[in-house]
Amino acid sequence: MEGIERVLLDERQLRERVRELGQDISRDYADGDLLLLGILKGSVIFLADLARAMTIPVDMDFIAVSSYGTSTATSGQVRLLKDLDAPIEGRDVLIVEDIIDSGLTLSYLMDMLGSRNPRSIKVAVLLDKPERRQEDVFPEYTGFTIPDEFVVGYGLDYAEQYRALPYIGVLSPAVYAEQ
């Protein structure tokens, strides 16, 4: 596809790792009342595939936050755009995130959600970029640890483009150099 420098993770790699994560989470929450909390918009594809890979019943809800806009780097300011539809008090909450880089968004969410008295809060992330970490956040379930490159596909976007790619690709700097 135009604008993709190279494929970082192909469809097979994604499918296999999501299946493994689904098995791990199903085992860990076999006796729980689990709410999968998707972070819009990037986590939708990962969350859907993860839920289908699980063998336990789960509820789903979504929250929308922003710290990027149309940039390739976080603004450092996290804004809540859409809140949860239902209370989480007493529930096991698994935040499902597409990518963690600075950790600012996840730290904000964990603080906000923690004040709502869930039974537990854990994190499942598809992609982890530890080189960019500014906050001490550590996901309990990680799909892949990746280098500090701008990636798109499988839900991740640049200016609302590339989300539907079935793989994770490295975006060519020429695409965003003019920003």
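Scroll up for the structure.
Residues numbered from 1 in each chain as written. Predicted model: local features only at pLDDT ≥ 70, side-chain atom pairs only at ≥ 80, totals over all residues. Heavy atoms only, no water.

### Looking at the sheet that holds strand E1 (residues 4–9)
Then, number 1: Strand order in this open sheet of 3 strands is E1-E9-E8, and the pairing throughout is antiparallel. Looking along the sheet, the strands with just one partner apiece sit at the ends: E1 and strand E8 (151–152).
Then, number 2: Judged from the 2 bridges that link them, E8 and strand E9 (residues 168–171) form a sheet pairing that is antiparallel. What sits directly across from Val-152, in E9, is Gly-169. (Pairing = 2+ DSSP bridges. Helix = DSSP H or I, 4+ residues; strand = E, 2+ residues; numbered from the N terminus.)

### A look at the nonpolar core
Then, number 1: Formed by 28 residues in total, the largest nonpolar core has its most connected members in Ile-25, Leu-50, Leu-126, Leu-127 and Ile-168.
Then, number 2: The set of elements that each furnish at least two residues to this core consists of helix H1 (11–28), strand E2 (34–40), helix H2 (44–53), strand E5 (92–100), strand E6 (120–128), strand E7 (141–145) and E9.
Then, number 3: Excluding residues within four positions of it along the chain, Leu-126 makes contact with Leu-14, Val-18, Phe-46, Glu-97, Asp-98, Gly-143, Phe-144, Tyr-154 and Ile-168.
Then, number 4: Core analysis: the next-biggest nonpolar cluster, separate from the first, contains 20 residues, Ile-39, Val-78, Val-93 and Met-112 among them. (Core = buried A, V, L, I, M, F, W, Y, C linked by side-chain atoms within 4.5 Å. Buried < 20%, exposed > 50% of the residue type's maximum accessible area, 1.4 Å probe, protein only. Contact = heavy atoms within 4.5 Å.)

### Quick notes on the sheet that holds strand E3 (residues 59–66)
Then, number 1: Across the sheet, which stays open at both edges, the 6 strands sit in the order E4-E3-E2-E5-E6-E7 with mixed pairing between neighbours. What marks the edges here is a single partner per strand, and that holds for strand E4 (79–82) and E7. In this sheet, adjacent strand axes meet at a mean angle of 30° when their direction is disregarded.
Then, number 2: Here 8 bridges tie E5 to E6, and the two strands are oriented parallel to one another. Bridge assignment links Val-96 to a residue of E6, and that residue is Ala-124.
Then, number 3: In the packing of H1 onto the sheet, contacts are made with E2, E5, E6 and E7, and the angle to E7 comes to roughly 160°. (Axes fitted to C-alpha atoms, helices over the stretch in contact; angles between N-to-C directions.)

### With respect to the pattern of salt bridges
Then, number 1: For the coordinates displayed, the defined rule picks out 18 salt bridges.
Then, number 2: When the shortest N-O distance is used, the salt bridge between Arg-132 and Asp-148 registers 3.7 Å. You can see Arg-132 sitting in the loop between E6 and E7 and its partner Asp-148 sitting in the loop between E7 and E8, a full 16 residues away along the chain.
Then, number 3: Between Glu-160 and Arg-163 there is a salt bridge, and its shortest N-O distance comes to 3.2 Å.
Then, number 4: For Arg-163, a relative accessible area of 18% translates into the label buried. (Salt bridge = Lys/Arg side-chain N within 4 Å of Asp/Glu carboxyl O.)

### Regarding the packing of aromatic side chains
In this description, an aromatic ring pair is defined by two values, namely the gap between the centres and the angle between the planes.
Then, number 1: Evaluated as defined, the whole model comprises 3 aromatic pairs.
Then, number 2: Consider the rings of Phe-150 and Tyr-158, whose centres lie 5.9 Å apart with planes at 90°: the pair is edge-to-face.
Then, number 3: Ring centres of Phe-150 and Tyr-176 lie 5.5 Å apart, and the angle between their planes is 55°; on these two criteria the pair is classed as tilted. Note that Phe-150 is positioned in the loop between E7 and E8 and Tyr-176 in helix H4 (residues 173–176), a separation of 26 residues in sequence.
Then, number 4: Following the ring pairs from residue to residue traces out a cluster consisting of Phe-150, Tyr-158 and Tyr-176. (Phe/Tyr/Trp six-rings, centres within 6.5 Å; stacked < 30°, edge-to-face > 60°.)

### Looking at unusual backbone geometry
Then, number 1: Omega for the peptide link from Leu-40 to Lys-41 comes to 0°, which places this bond in the cis form.
Then, number 2: Summarising the element assignment, Lys-41 is placed in the loop between E2 and H2.
Then, number 3: Positive phi values are uncommon outside glycine, yet Tyr-154 reaches one of about 50°.
Then, number 4: One can find Tyr-154 in the loop between E8 and E9.
Then, number 5: For Tyr-154, a relative accessible area of 6% puts it in the buried group.

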